[in-house]
Amino acid sequence: MTNKLLTQFKKLRHYLNQYIKKLSNTKYLQRNKTFNFLLSLTIGVIVTTLGITTDWATTGTRTLTHNTIGSENIRVQNNTEIHPLKHKISSTNNTIVSEHVWVKNNTEIPILTHKMSPISNTIGSENLRVQNNTETAALNYKTSWIGNTIGSGNLRVQNNIEGMYVAPDGTVYTNSHWDEAAMEAGIYKDGKVIAALGDTHGWSRGGGKAVTANSKYVYIAMTQGSRGDTKEDYPPEGTTWYSVRRYDLSGKPAPFPNGRGWDKSMLITSTKSEVTGLATVGSELYVSDSAANQIRVYDTDTMKKLRSFAVANPGAITIDSQKNLWIIQSKNGSKPAKILHYSQSGKQLPQQIADIVEPTAIAINHQGKLLVAENGPRQQMLTYEIKDRPVQVSSFGTKGGIYAGVPGEVRDLKLYGLTGVGTDASGNIYINSNGFNKSGTDLRKFSPSGKLMWRSLGLIFVDNADADPKTDGVDLFTKQEHYLMDYNQAAGKQWNYKAYTLNAFKYPQDPRLHTSPDGTFVRRIQGKPFLFLTDMYNSFLQIYRFNSATDGKVAIPAGMFVGTNSADKPFITGNWPPHQPEKGEWIWRDRNGNGKFEKNEYDRSKDYPYLGGWWVDSKGDVWKALRTEDGIRHYSLQGIDPKGNPIYSYSSMEKQTTPKIFNDLRRIEYFPETDSMFLSGFTVDRPAFSDDAGVAGSEIARFDNWSKGNRTPKWRIVIPYDSTGKREVSTAAISVTEDYVFAVTVKTAEVYVYNAKTGAQVQQLKPGPEVGSESGWIDIPYGIRAFRRSNGEHLVFVEENWKGKVIMYRLAG
């Protein structure tokens, strides 16, 4: 009845408007101002009344006005810079998500205003007839997160730490090349993030790998690229400044006479390579310039250059109690790394440390001993007595690090990928583990006796989680981490960091060390656990197996699919992986179980180069969607080999034709239990505005009896997609369970929930107050992953790399 009344009102309003328009077109009525005024007033009253009636007659219609400051350029108060802030999405009206944003008189500046109704655009047949499938029962849900100690606010644990300095009072200063939320350089104290060093992000800026401080200033290595504006003191086109930037101890830039950059706080040290070491003693600042093989010395207050001296390939620096320098000489080709000793004037002293594999950080402790981060197989902090000839007197951390005992299992004293060491005046020890290939921040403070006092974790960047079906979601995996969940705990407290699954020493050819995977599938195949990973461009599918008897918690490289390169050259350029076919595409399987890519382990083919997506079903079959007419590839599992690797081959691959409704297939999910196929992409009726390679398409369709040849959809859903070309609204990723279909949008990070049986929309999820009601953009094709627990509860994991976590929605069963 409501829908019929709504339709009649709409028709009546349309006819009335058309009739009045005809009347108003007569010359007499156009000249009669009184009539025009009364006519306009009458039309306004009628249309407004009908509009209100229409809204009342439509169940649950709501306007989503996002006063979000995001990808558009933003004018900064008292500054002529235009700041491109990409990943800032807030669901709270009139919320300013950056302290640098000026909104005059609190005026709303919406970037997106649209109406979404729970009356679904469900398409039930080829002629695109829209069904009004209304579902009135909303799903109760709560928001949580995993992977970061801090879940909301402007300050949280940064993506990774590449340089660290510990002040005598226990304040920890950090630096890194890149952080999505502009926290390249942070300040930590007592287990809390107390500040970020400002203006390290945007305007072609980045951080670096060195940081130091004295009683007055903080100094960080940073880069400044060109902006096409030399008047504001940016580098000319094609030039990068490698600089030292000075800050006060609160984290604000501290300019100085003849300083460079827009705020005059930068000291340009090179245009060839980055600063690799920083240290202060008295009124002098020491800077490592590795490209020039120089240590440059500056006055800490005026920042004027005082002198320089030669050191081959200098890295991190620390100053001992005699005010002499200890400098890491980084490995150079076949030349091993060393730690060298120099006077302040630049004279090389006879002491050196050569019995070390990969020193990455050094510091002097409160007793005057030298601390060295040994990032080789030992994975320990080594302590040297340096009064005379350097002698190692102790070590800290379990020998072998994360790979000791049960390999991969996280323990308080098991370190991995060390990038920072230091102590405070009380002898407390601070160590940062960064993992391998910048896995994430693991910053720990220990008492002098070695007891863990606090730990700050920032483990997630461009990543998503998936649940182990055997443990009903108690075990979660991301691309490198394993979490143990306790769903009885409060939001953000449910996750416990259980294991680091990458072994860089035993498996140096692990694809995670050479690529940037981001989408995770966890599968049980014949009862055994497997991990499958994709990347941002759908260019590959990596496969990992587990063997607790030989490798503990480590994920062992087992196989890999890659796509076809569009040119006649190897799909992956460079020196990795060895022995890959010269052209075409390939499947690698680790036939001898050693985790290495060897000549006889490739299966070769050549296919269409443009991929839409990957899927691994519950039986272990691999599906691939190509953006062409015969675009579905089905690689049925051929068994598990004696080493535990799943077997796939091109000879057993089946080509399947894309259903006719699609002209550009993007995502694919097949469920053998019900023989149901879910496809998304651009359709003949709703094509892409342009290539739009990163999105999931304009529609999702369900096909039952797929294996029997049925290609007629049970339903079709129109999902958010901006066909105007403005790209304000688009769907990034989808995920399907037996109950629901989930779709998440790119810029607004909203999750649309549809009934998997009918296609009707039943809910729309937004980040809740637990995560500050905000999220970054969805950057990856598998930025959403849903899992149904045995009690009917749904866990929905959504990528959130802006502030370094995975958002988790919990939908009551």
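Residues numbered from 1 in each chain as written. Predicted model: local features only at pLDDT ≥ 70, side-chain atom pairs only at ≥ 80, totals over all residues. Heavy atoms only, no water.

Asks: Would you mind going over the overall build of the chain with me for this structure?
Replies: When helices and strands are counted, the chain shows four helices and 59 strands. Of all 813 residues assigned to the chain, the portion counted as buried reaches 59%. Summarising the internal contacts of the chain: among those between residues at least 6 apart in sequence, 51% fall at separations of at least 24. About 33400 Å² of surface is accessible on the chain, with carbon and sulfur atoms providing 50% of the total. (Helix = DSSP H or I, 4+ residues; strand = E, 2+ residues; numbered from the N terminus. Buried < 20%, exposed > 50% of the residue type's maximum accessible area, 1.4 Å probe, protein only. Contact = heavy atoms within 4.5 Å. Areas by Shrake-Rupley, 256 points an atom, 1.4 Å probe, with all protein chains shown as cover.)

Asks: What is the right way to read the packing of aromatic side chains from this model?
Replies: One pair of aromatic rings is described through two measures. These are the centre distance and the angle between the planes. On inspection of all chains with the given rule, the structure shows 30 aromatic pairs. Relative to Phe597, the ring of Trp588 has its centre 3.8 Å away and its plane inclined at 15 degrees; by these criteria the two rings are stacked. Of the two residues, Trp588 and Phe597, both sit in the buried class. An aromatic cluster of at least three residues, connected via ring pairs, comprises Phe521, Trp615, Phe671, Phe678, Trp715 and Tyr782. Taking the ring centre of Tyr544 as reference, the NZ or CZ of Arg512 above it sits at 4.3 Å. In this structure, Arg667 is placed above the aromatic ring of Tyr782, and the distance from its NZ or CZ to the ring centre is 6.0 Å. (Phe/Tyr/Trp six-rings, centres within 6.5 Å; stacked < 30°, edge-to-face > 60°. Lys NZ or Arg CZ within 6 Å of the ring centre and 35° of its normal.)

Asks: What is the right way to read the sheet that holds strand S44 (residues 611–616) from this model?
Replies: What links the strands of a sheet is backbone hydrogen bonding, and the strands pair in either a parallel or an antiparallel sense. With respect to topology, four strands assemble into an open sheet ordered S44-S45-S46-S47, the strand pairing being antiparallel. With one partner strand each, in any of the chains shown, S44 and strand S47 (654–656) form the two edges of the open sheet. Mean inter-strand twist for the sheet, computed between neighbouring axes without regard to direction, equals 20 degrees. Of the strand pairs in this sheet, strand S45 (residues 622–626) and strand S46 (residues 632–635) are connected by four bridges, and their pairing is antiparallel. By the bridge assignment, Lys624 is partnered in S46 with Arg633. (Pairing = 2+ DSSP bridges. Axes fitted to C-alpha atoms, helices over the stretch in contact; angles between N-to-C directions.)

Asks: I'm lost on unusual backbone geometry in this one. Help?
Replies: In most cases, non-glycine residues show a negative phi, while peptide bonds are predominantly trans. Here the residue pair Trp576 and Pro577 is connected by a cis peptide bond, since its omega of -5 degrees sits within 30 degrees of zero. Mapped onto the fold, Pro577 is located in the loop between strand S41 (555–562) and strand S42 (585–589). For Ala182, which is not glycine, the phi dihedral falls at a positive 70 degrees. Among the secondary structure elements, Ala182 is positioned in the loop between strand S10 (172–175) and strand S11 (186–189). In this structure Ala182 comes out as partly exposed when scored by relative accessible area, which is 31%.

Asks: Explain the pattern of salt bridges here, please?
Replies: Note that side chains of opposite charge can pair when their charged atoms are close. If you walk through the whole model with that rule in mind, you get 40 salt bridges. Salt-bridge contacts for Arg156 lead to Asp179; the nearest nitrogen and oxygen are separated by 2.9 Å. Remark: Asp179 occurs in the loop between S10 and S11 and Arg156 occurs in the loop between strand S8 (141–146) and strand S9 (163–166); sequence separation between them is 23 residues. When its relative accessible area of 1% is taken as the criterion, Arg156 is described as buried. Taking the relative accessible area as the measure of exposure, Asp179 reaches 0% and is therefore buried. Asp468 serves as the salt-bridge partner of Arg524, at 2.7 Å between the closest nitrogen and oxygen. Taken together, the positions of Arg524 in strand S38 (residues 517–525) and Asp468 in the loop between strand S34 (466–467) and strand S35 (475–477) put the pair 56 residues apart, joining distant regions of the chain. Residue Asp468 is classed as buried on the basis of its relative accessible area, which comes to 3%. Three or more residues joined by partner-sharing salt bridges are found here, namely Asp472, Arg789, Glu793 and Arg810. (Salt bridge = Lys/Arg side-chain N within 4 Å of Asp/Glu carboxyl O.)

Asks: Before we go on, may I ask you to explain the pairing of strand S20 (residues 294–299) in this structure?
Replies: Looking down a regular strand, the side chains alternate between one sheet face and the other. With respect to burial, S20 is a largely interior element, six of its six residues being buried. Neither face of S20 is exposed, since Gln294, Arg296 and Tyr298 on one face and Ile295, Val297 and Asp299 on the opposite face are all buried. Pairing geometry for strand S19 (residues 284–289) and S20, over six bridges, is antiparallel. Each residue of the ladder has a partner; that of Tyr286, found in S20, is Val297. Between S19 and S20, which pair antiparallel one after the other, the connecting turn spans four residues, and Asn293 there sits at a positive phi close to 55 degrees. The pairing of S20 with strand S21 (residues 305–310) spans five bridges and is classified as antiparallel. Each bridged residue has a counterpart across the sheet, and for Arg296 the counterpart in S21 is Ser308.

Asks: What's the story with the side chain of Asn365 in this structure? I'm lost.
Replies: As for its position among the elements, Asn365 is in the loop between strand S26 (359–364) and strand S27 (370–374). Taking the relative accessible area as the measure of exposure, Asn365 reaches 12% and is therefore buried. A distance of 2.8 Å separates the side chain of Asn365 from the backbone nitrogen of Lys369, its partner in a polar contact. The contact partners of Asn365, leaving out residues within four places of it in the chain, are Leu371 and Thr423. (Polar contact = N/O pair within 3.5 Å; in protein donor to acceptor, adjacent residues only side chain to side chain.)

Asks: Looking at this structure, I do not really get the sheet that holds S11. What am I missing?
Replies: Strand order in the open sheet formed by four strands is S9-S10-S11-S12, and the pairing between neighbours is antiparallel. Looking at the sheet topology across the chains shown, the edges are occupied by S9 and strand S12 (192–196). Averaged over all neighbouring strand pairs, the angle between strand axes comes to 25 degrees, with direction disregarded. Note: S10 against S11, two bridges, orientation antiparallel.

Asks: I tried to follow the nonpolar core on my own but got confused; where do I start?
Replies: A general trend in soluble globular proteins is that nonpolar side chains are found buried together. Counting 50 residues, the largest nonpolar core has Tyr483, Tyr497, Phe742, Val751 and Val798 as the members making the most contacts within it. With five residues, strand S59 (residues 805–811) is the single largest residue contributor to this core. Setting aside residues up to four positions removed in sequence, Tyr497 forms contacts with Val410, Tyr416, Asp442, Arg455, Leu457, Leu459, Glu481, His482 and Tyr483. Of all hydrophobic cores here, the second largest spans 49 residues; its members include Phe532, Trp614, Ile632 and Ala701. (Core = buried A, V, L, I, M, F, W, Y, C linked by side-chain atoms within 4.5 Å.)

Asks: Even after reading the chapter, I still don't get the side chain of Arg627, so can you show me in this structure?
Replies: Mapped onto the secondary structure, Arg627 falls in the loop between S45 and S46. Overall, Arg627 belongs to the buried group, its relative accessible area being 15%. Within the local environment of Arg627, its side chain forms a polar contact with the side chain of Asp664, the two groups lying 2.9 Å apart. Residues within four places of Arg627 in sequence aside, it is in contact with Tyr608, Tyr610, Leu611, Gly612, Asp664, Leu665, Arg666, Asp691 and Ala693.

Asks: What am I meant to see in the environment of Lys347 here?
Replies: Inspection of the secondary structure assignment puts Lys347 in the loop between strand S24 (338–342) and strand S25 (348–353). Residues Lys347 and Phe309, 38 residues apart in the sequence, show an inter-C-alpha distance of 8.3 Å. If near-sequence neighbours (up to four positions away) are discounted, Lys347 is found in contact with His341 and Tyr342.

Asks: Can you help me understand the environment of Arg246 in this one?
Replies: Along the polypeptide, Arg246 turns up in strand S16 (residues 241–248). In this structure the C-alpha to C-alpha distance between Arg246 and Met266, which are 20 residues apart in sequence, comes to 6.7 Å. Leave out the neighbours within four places in its chain, and Arg246 touches Tyr217, Val218, Tyr219, Pro253, Ala254, Pro255, Phe256, Ser265, Thr300, Asp301 and Met303. Side-chain polar atoms of Arg246 contact the backbone oxygen of Asp301, separated by 2.7 Å.

Asks: Explain the environment of Leu340 to me, please; I cannot follow it from the model alone.
Replies: Structurally, Leu340 is set in strand S24. Exposure remark for Leu340: the relative accessible area of 5% places this residue in the buried category. For the pair formed by Leu340 and Gln352, sequence separation is 12 residues and the distance between their alpha carbons is 4.8 Å. The contact partners of Leu340, leaving out residues within four places of it in the chain, are Val311, Leu325, Trp326, Ile327, Gln329, Gln348, Gln351 and Gln352.

Such coordinate-based values are descriptive only and should not be taken to indicate function.
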